[in-house]
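Summary of structural features
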Amino acid sequence: MKTMKLDIRQGIHVLTLTNTQNGNENTLTTEVMHDYLAALDEIECYEGNTALMLTCEHEKTFSTGIDLVWLHAQDDAAKQQFSDAFNTVLCRIALLNTPTIACLNGNAYAGGAILAAATDYRVMRNDRGRFCFPEVNIKIPFSPVARDIVNLLPNQKAIKDMVLTGVAYTGIECLEHDLVRSIHPVDELQDAALDLALQLAQKDRFTYCHIRNGFRSTMAAHASRIGVHYVGQTSE
């Protein structure tokens, strides 16, 4: 994987985004989606209880979403390939066979915020960074999969304001709107996320995911349509 690294800390899978060279802020391309899929493959094959903690090495940005300059340079077939891969990654994170936490050390915009919304829980730094869906301002409608991922967030009023106005919430505001589970000083953030991951990893992995996925019927429908397998899937 060229754009991220996967390691194990205290039994927790920590996926660290590293695509920050030359001013890049962990933007999303088809290559990045393939790296996500490779990491998810490895986590799914792990035997025993664990959890996924998604974080990054950038000092102020989690992910600013799709690399729009790159995307606009692609032909229609390549754009569709990216869209299909992004939808697959979203479904797989949302229904992954292990608990998931996003550790937001800074800005999570657009596709980056959508990826974070696909996880079970989010923790965020308290002093800087924004959580934002600016699609209305950059003229990119939500795909059905992305829309249903956003709807996994618990506050419908906040979701409406975010998607229709593009408002960017601070960590404090995200906590007030129940968009994140907790906020922390940046030097305590990863430890807090890891502690939460360790708590969740104590649950029986199959039971946890079966229960969670049962409450995500819209995502299960998308996953079945595009061929993503998940815990709790029924045969027809």
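The model shown is predicted, which means the values in this text are computed figures rather than measured ones. (Residues numbered from 1 in each chain as written. Predicted model: local features only at pLDDT ≥ 70, side-chain atom pairs only at ≥ 80, totals over all residues. Heavy atoms only, no water.)

Remarks on the sheet that holds strand β4 (residues 61-63)
The sheet built from four strands is open, its strands ordered β4-β6-β8-β9 with mixed pairing. Each end of this open sheet is capped by a strand with a single partner; those strands are β4 and β9 (168-169). Pairing of strand β6 (residues 107-109) with strand β8 (residues 131-132) involves two bridges; the strand directions are parallel. The residue bridging Ala108 from the neighbouring strand is Phe131, located in β8. (Pairing = 2+ DSSP bridges. Helix = DSSP H or I, 4+ residues; strand = E, 2+ residues; numbered from the N terminus.)

Quick notes on the packing of aromatic side chains
Evaluation of the coordinates by the stated rule reveals four aromatic pairs. With 5.5 Å between their ring centres and 70 degrees between their planes, Phe131 and Phe133 make a pair best called edge-to-face. Take Phe131: its relative accessible area is 1%, and that puts it in the buried class. When the centroid spacing of 6.2 Å and the interplanar angle of 75 degrees are considered together, the rings of Phe133 and Phe142 count as edge-to-face. A connected cluster of aromatic rings, assembled from ring pairs, spans Trp70, Phe82 and Phe86. The residue whose ring lies beneath Arg181 is Tyr121, and the NZ or CZ to ring-centre distance is 5.5 Å. (Phe/Tyr/Trp six-rings, centres within 6.5 Å; stacked < 30°, edge-to-face > 60°. Buried < 20%, exposed > 50% of the residue type's maximum accessible area, 1.4 Å probe, protein only. Lys NZ or Arg CZ within 6 Å of the ring centre and 35° of its normal.)

Examining the sheet that holds strand β7 (residues 121-125)
The strand order across the open sheet built from six strands is β1-β2-β3-β5-β7-β10, with neighbouring strands paired in mixed fashion. Strands with a single pairing partner mark the edges of an open sheet, and in this sheet they are β1 (4-9) and β10 (182-184). Strand-to-strand twist in this sheet, taken as the mean axis angle between neighbours without regard to direction, amounts to 20 degrees. Sheet topology places strand β2 (residues 12-17) next to strand β3 (residues 52-56); five bridges connect them, and they run parallel. What sits directly across from Val14, in β3, is Met53. (Axes fitted to C-alpha atoms, helices over the stretch in contact; angles between N-to-C directions.)

Observations concerning helix α11 (residues 217-226)
Of the residues making up α11, those classed as buried are Met219, Ala220, His222 and Ala223. Axial view of α11: buried residues confined to an arc of 160 degrees, hence all on one face. Of the residues in α11, the exposed ones pointing more than 90 degrees away from the buried face are Ser217 and Arg225. Gly227, located one to two residues past α11, shows a positive phi value of around 85 degrees. (Arc of directions from axis to C-beta.)

Here's the deal with helix α7 (residues 156-165)
Residues Ala158, Ile159, Met162 and Val163 constitute the buried set of α7. Taken down its axis, α7 places every buried residue within 120 degrees of arc, on the same side. Relative to its buried face, α7 has exposed residues pointing more than 90 degrees away, namely Lys157, Lys160 and Leu164. If you check the start of α7, you find a side-chain oxygen 3.1 Å away from the backbone N of Lys157, and it comes from Asn155. Of the residues one or two after α7, Gly166 is the one with positive phi, at around 75 degrees. (Polar contact = N/O pair within 3.5 Å; in protein donor to acceptor, adjacent residues only side chain to side chain.)

Quick notes on the pattern of salt bridges
Evaluation of the coordinates by the stated rule reveals eight salt bridges. With a shortest N-O distance of 2.7 Å, Asp41 and Arg92 are connected by a salt bridge. Of this pair, Asp41 sits in helix α1 (residues 30-44) while Arg92 is found in helix α3 (residues 76-94), placing the two residues 51 residues apart along the sequence. The partly exposed category is assigned to Asp41, whose relative accessible area is 39%. The shortest N-O distance in the salt bridge between Arg92 and Glu44 comes to 2.9 Å. (Salt bridge = Lys/Arg side-chain N within 4 Å of Asp/Glu carboxyl O.)

Observations concerning the pairing of strand β5 (residues 100-104)
Taking burial as the measure, the five residues of β5 include five buried ones, the bulk of the element. Burial along β5 is two-sided: the face carrying Thr100, Ala102 and Leu104 and the face carrying Ile101 and Cys103 are both buried. Of the strand pairs in this sheet, β3 and β5 are connected by three bridges, and their pairing is parallel. When the sheet's bridge partners are listed, Leu54 is paired in β5 with Ala102. Where β5 and β7 come together, four bridges link them in parallel fashion. Along β7, the bridge assignment pairs Ile101 with Tyr121.

In short, geometric facts, not functional conclusions.
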